[in-house]
Each structure stands twice: as C-alpha cells, then as structure tokens.
Amino acid sequence: MSLTKYQFRAQFRCTNESCRKTYPLHQVIYSCSSCGELLNVEHDLDSLKKIPAEEWKSTFESRFRSSQFPNASGVWGKKEWVLPEIKEENIITSGEGTTHLYDASRFAKDLGLKSLHVKQCGVSHTGSFKDLGMTVLVSQVNQMIADGVPIKAVACASTGDTSAALASYAAKAGIPAIILLPANKVSTAQLIQPVSNGAIVLALETDFDGCMAVVKELTQEKSIYLANSMNSLRIEGQKSISVEITQQLGWNVPDWVVIPGGNLGNVSALGMGFEMMLELGLIQKLPRIILAQAKNASPLYESFKKGFAEFSPVTAEKTLASAIQIGDPVSVKKAIRVLKKFNGIVEVATEEELANASAKGDLYGLYNDPHTGVALAALLKSIQTGVVKQGESVVVISTANGLKFTEFKLAFHEGKIPKVDETLKNVILPCKPTLSGVMEILGKHLKKP
C-alpha cells in the first residue's frame, strides 16, 4: 500500500491539560514556555485514521526486517507514527529495533504463567533500547541543521546507555556530542563507548541527578541541543517497542508488561505506543504495567504506596542497576499518568533480589543485565503476592545487553555480591586432562536418566 498520497503531521504539545500550547518540531524547546511542563509529540490522528487498522498492520508487516532503507529500522518502518515529515536523506539509523521477542516458555511453565516473553532491546547497535529514541532525536537534529537551525552540538547527562547511543548516532551524523557522566558510577563497557565514538566526555563528581541539573543549564544555550528523555523526540522512537511486541505476538496484547524505570521516559513511551494502537484500532485493550525500580533508587514506588497523591525526589543510593540509579526522574508526571491509565503498579527489588532474578533467568537461556534483573524480580514478587495471576501472559522489557555488565556477572558467580542465593551460583571446575577425570566430575553433576 502506498501512503504517499496522505499527508501526516506532528507537533510538540504541552502535557499540561490546562495549557496545551503547541510548538513546531523544528523549534529548540524541551518544556512549555508558558507553564514549564514537559512536551509530547502530538500526531494528527484524524489523518492517520484515514488508513484502516488492518492496512496499518499489513504495512508494518511488509516493512518488518526489510533490507531497504529506512525500513530496515524497526523505528523508521513506522515513520508515519514517529516523524512523518522528516526527509529520508536526513534520517540517521543503525538498524535499531526489530529485536527478538525471546520465548521463555520453560520459565513460564515453572512460574505457572500462560506465556513469558522477554523483549531483547539490548540486541541493538550500542546495546540498549536507547538506540530507539536516539535515532529519532539525532535525525530530527540533522533535519534542523539542514534547514538552517544553528545547532553546533548535542548533549546529554547519562548513567551509561544514553551516552553510548548519543555518541554513536551523533558520530554517524557528523554532529559533535557532549557527554556528562557521574564519575566512577558507570561500567567500563558503557564508559568506553562514547570515548571510542569521539564524544567530549566529562566525568562530574556527582550523581546522575547532579549531571542532569548541569546539562539542563548547559542546553539553555540553544546551539547545544538536549538529548535526554525530557526531550519528547526520544519517546517517539521508544514507543515503537509497544508496536513491535504486539506485532510479534500476532497483534495480541499481553496481560502484563514489566519494565525497569529510572528517569521514567521508558514507561511513558511504552504507554504512548499502546495508546496510539488503541486509538487507531490496531488493538482492543491495554495491558497492565509493572514499573520496576531498584529499592536503592525508588522514589516512584514511595509515591505509588501513597496512591500517587504526592511525589518527593530522593537521593539515590548505589545500586547494581546503575542505569536506573536516579532519585529525581524528569518524566515522573508522564509516567504516573500512564500507570494510572493502565491500572499499573510499581514494585521494587533489593540488590540481592535483582541479582538472584537475573541469575535465575539466565538458567532459562537468557543473559540478563542487572536492570532486567530488577524487572524479573518485580515479576517474581508480583506472582508471589497474587497480583500477577496464574495463567496470565507477560512480557518483560530487557533494556540493555548483558555483555555490557560482565563485572556484574562475574561478581555474582564469584560470590562477591552478598546475601544472594548460593544455589544459583556456578563455578568453573578444575579437571584432570583425562577422560576418567572428566567422567568423575560429570558423575557428580549430571542426573541419572
């Protein structure tokens, strides 16, 4: 089906229902100039509704894992739902999206679930789901520069994955990138990525929230463009996760989606994707959402316990899930709106719970980063409490590649993480270089038929 005869449009709109001021996408702006609230990208749904739901489905199916630019990207295969007016020559893509929906059927059976899938967003160019949003943001910046907007650099605060994505996509576009990282709080694998891509990397003696405060000041200079998730262009790419999950499940919606949360742009993106599909008739119901936080950085959990009546930032303590070690999330209001609409809950995981859950998932063929461990721990606790019921279907969002967190894996199996389940640890066994030596050890470890 050709969509060229249709004209689709998008703009920024203030999220404050009593304001609702709009701005063009080429304007350098991140929050409303009238009331200060964050913005959303708003699409002209009336024009999108001219295409029947079944035709949208067939269009997305025909583009999925295409070899043709730009549809080789799972994000740009949905261009009309993302940035409908961008010129294709300004799209910066590294084939992000179209990631595997891992069928953990044996794990599901042991947990009493109808099905359990893990969306492997870390199987991406820079190893995390941040690629989905960064391709949109950097492409729009590329378009703006082509149109004469005087942008000289893009900048972000990061706990690791955002910096890797920004540095890579900016390098591909030839746009300078400025990265502010909290000193000594980012894994080596994450730290070296922006360094390798030639970004200007600054290590600040503070935490992520401190870096975020500085980058917001820095980007008051309009020639330096803010690339954190308070910029709603990021959310546009990340919402494609919802469409991909549904498509990979045969256009069926799971009962639950579990997602780890730090700065909370991810849960708002997840919600917006499902809301858009519902509005355009591709699905008939919304899933429930579990937002999973590390206990050491769980301000939204504290708010959830009070019915979201109030929210207070916290000083995040050190956690193995370093990417979500955030105490003052910028997208909290968006996240709360989504959780309320989706009848969602917030659950937390202690350090030993996230480590154990990550290792337990690995025994079913996964290779989980600690943030996926937080999500799995939240799921296990929700099953135990009866919130997630036997026979329900669940999708867990894995936000990053486990290979970025080798130190975490080694520490678990070498016994360097306290209070973990000893039965989940595995060790390399010394062995004599003989068949009898091998057979002696195997006799102790293999079950008899």
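All figures in this text were calculated on a predicted structure; none of them were measured in a lab.

Chemist: Which residues make up the overall build of the protein, and what values do they have?
Modeler: From N to C terminus, the protein includes 16 helices and 13 strands. Radius of gyration (C-alpha) of the protein: 22 Å, near the 22 Å computed for a compact globule of 449 residues. Once the C-alpha set of the protein is aligned to its principal axes, its extents read approximately 75 × 50 × 50 Å. When the accessible area of the protein is evaluated, it comes to approximately 18900 Å², of which 52% is carbon and sulfur surface. Of the charged side chains in the protein, 48 are positive and 44 negative, and the gap between their average positions amounts to 3 Å.

Chemist: Lay out a nonpolar patch on the surface with the relevant residues and their values.
Modeler: Residues L435, V438, M439, L442 and L446 make up a contiguous nonpolar surface patch of roughly 480 Å² in combined accessible area. As for its placement among the helices and strands, L435 is situated in helix α16 (residues 435-445). Using a relative accessible area of 66% as the deciding quantity, one classes L435 as exposed.

Chemist: Kindly report on the pairing of strand β3 (residues 39-43), identifying the contributing residues and their values.
Modeler: Extensive coverage of β3 is indicated by the burial of four of its five residues. Relative to β3, strand β1 (residues 10-14) is paired through five bridges, and the arrangement is antiparallel. Within β3, the residue paired with Q11 across the bridge is E42.

Chemist: I'd love a proper account of the sheet that holds strand β7 (residues 177-182), names of residues and values included.
Modeler: Hydrogen bonds between backbone atoms are what pair the strands of a sheet, whose relative direction is either parallel or antiparallel. As summarised here, the arrangement of the four strands in space is β8-β7-β6-β9, forming an open sheet in which the pairing is parallel. A strand with exactly one partner marks an edge of an open sheet, and here the two such strands are β8 (200-204) and β9 (224-226). The sheet shows a mean angle of 25° between the axes of neighbouring strands, direction not considered. Looking at chain direction, β7 and β8 are connected through five bridges and run parallel. Paired with P182 across the bridge in β8 is L204.

Chemist: Describe the packing of helix α10 (residues 265-279) against helix α12 (residues 332-341), naming the residues involved and giving the relevant values.
Modeler: Taken N-terminus to C-terminus, the directions of α10 and α12 make an angle of 45°; their axes are 8 Å apart at the nearest point. On the basis of the axis angle, α10 is oblique to α12. Crossing of α10 against α12: the hand is left-handed. Here α10 contributes V267, S268, G271, M272 and E275 to the contact with α12, which in turn contributes K334, A335, R337, V338, L339 and K341. Taken together, the residues that form the contact of α10 with α12 break down as five nonpolar, two polar and four charged.

Chemist: Outline the nonpolar core, listing residues and values.
Modeler: The biggest cluster of nonpolar side chains holds 101 residues, and the ones touching the most others in it are W56, W81, L166, Y225, L282 and L300. Per-element tally for this core: the top contributor is helix α4 (residues 130-146), with seven residues. Sequence-distant contacts of L166, defined by excluding residues within four places in its chain, comprise M134, V138, V154, A155, C156, A177, I178, I179 and A227. Among the nonpolar cores identified, the runner-up in size contains 42 residues, and V118, I324, A349 and L424 belong to it.

Chemist: Residue-level account of the pairing of strand β5 (residues 115-120), with values.
Modeler: Extensive coverage of β5 is indicated by the burial of six of its six residues. Covered by surrounding structure in β5 are S115, H117 and K119 together with L116, V118 and Q120, the residues of both alternating faces. The pairing of strand β4 (residues 101-103) with β5 spans three bridges and is classified as antiparallel. The partner of L101 across the bridge, within β5, is K119. Taken together, the six bridges between β5 and strand β13 (residues 393-398) define a ladder with parallel strand orientation. Across the sheet, H117 pairs through a bridge with V395, a residue of β13.

Chemist: A description of helix α7 (residues 208-218) should follow, citing residues and the corresponding values.
Modeler: The complete set of buried residues in α7 reads F208, D209, G210, C211, M212 and V215. Summarising the contacts, the buried residues of α7 are in contact with β6 (153-157), β7, β8 and β9.

Chemist: I'd like to hear about the packing of aromatic side chains, residue by residue, with values.
Modeler: Any pair of aromatic rings gets described here by the distance separating the centres and the angle formed by the planes. Per the stated rule, a full pass over the model turns up eight aromatic pairs. Arranged with centres 5.5 Å apart and planes meeting at 70°, the rings of Y30 and Y225 form a pair that is edge-to-face. Linking Y30 in the loop between β2 (22-23) and β3 with Y225 in strand β9, this pair joins segments that are 195 residues apart in sequence. The exposure class assigned to Y30 is buried, which follows from its relative accessible area of 11%. Overall, the relative accessible area of 0% leaves Y225 in the buried class. Taken together, Y6, F8, W56, F60 and W81 form an aromatic cluster joined through their ring pairs. A cation over an aromatic ring shows up here: K78 above the ring of F60, its NZ or CZ 5.9 Å from the ring centre. It is K409 that lies over the ring of Y367; its NZ or CZ is 4.9 Å from the centre.

Chemist: Please set out the environment of V138 residue by residue, giving values where relevant.
Modeler: Counting through the fold element by element, V138 comes out in helix α4. For V138, a relative accessible area of 1% gives the class buried.

Chemist: Any chance you could break down the sheet that holds β5 for me, citing the residues and the numbers?
Modeler: In spatial order, the strands read β4-β5-β13-β10-β11-β12; together these six strands make up an open sheet with mixed pairing. Both edges of this open sheet fall to β4 and β12 (345-349), since each of them pairs with a single strand only. Mean inter-strand twist for the sheet, computed between neighbouring axes without regard to direction, equals 25°. In this sheet, β13 lies alongside strand β10 (residues 256-260) in parallel orientation, the contact comprising three bridges. By the bridge assignment for β13, V258 is matched with V396.

The rules behind these values
Residues numbered from 1 in each chain as written. Predicted model: local features only at pLDDT ≥ 70, side-chain atom pairs only at ≥ 80, totals over all residues. Heavy atoms only, no water. Helix = DSSP H or I, 4+ residues; strand = E, 2+ residues; numbered from the N terminus. Rg over C-alpha atoms; globule rule 2.2 N^0.38 Å. Areas by Shrake-Rupley, 256 points an atom, 1.4 Å probe, with all protein chains shown as cover. Lys, Arg positive; Asp, Glu negative; His and termini not counted. Charge placed at Lys NZ, Arg CZ, Asp CG, Glu CD. Patch = residues over 30% accessible without salt bridge, like charges linked within 9 Å, V, L, I, M, F, W, Y side chains within 5 Å. Salt bridge = Lys/Arg side-chain N within 4 Å of Asp/Glu carboxyl O. Buried < 20%, exposed > 50% of the residue type's maximum accessible area, 1.4 Å probe, protein only. Pairing = 2+ DSSP bridges. Axes fitted to C-alpha atoms, helices over the stretch in contact; angles between N-to-C directions. Parallel < 35°, antiparallel > 145°, perpendicular 65-115°, else oblique. Left-handed = near helix turned anticlockwise from the far one by under 90°. Contact = heavy atoms within 4.5 Å. Nonpolar A, V, L, I, M, F, W, Y, C, P; charged D, E, K, R; others polar. Core = buried A, V, L, I, M, F, W, Y, C linked by side-chain atoms within 4.5 Å. Phe/Tyr/Trp six-rings, centres within 6.5 Å; stacked < 30°, edge-to-face > 60°. Lys NZ or Arg CZ within 6 Å of the ring centre and 35° of its normal.

Spatial relationships are all this shows, so hold off on functional conclusions.
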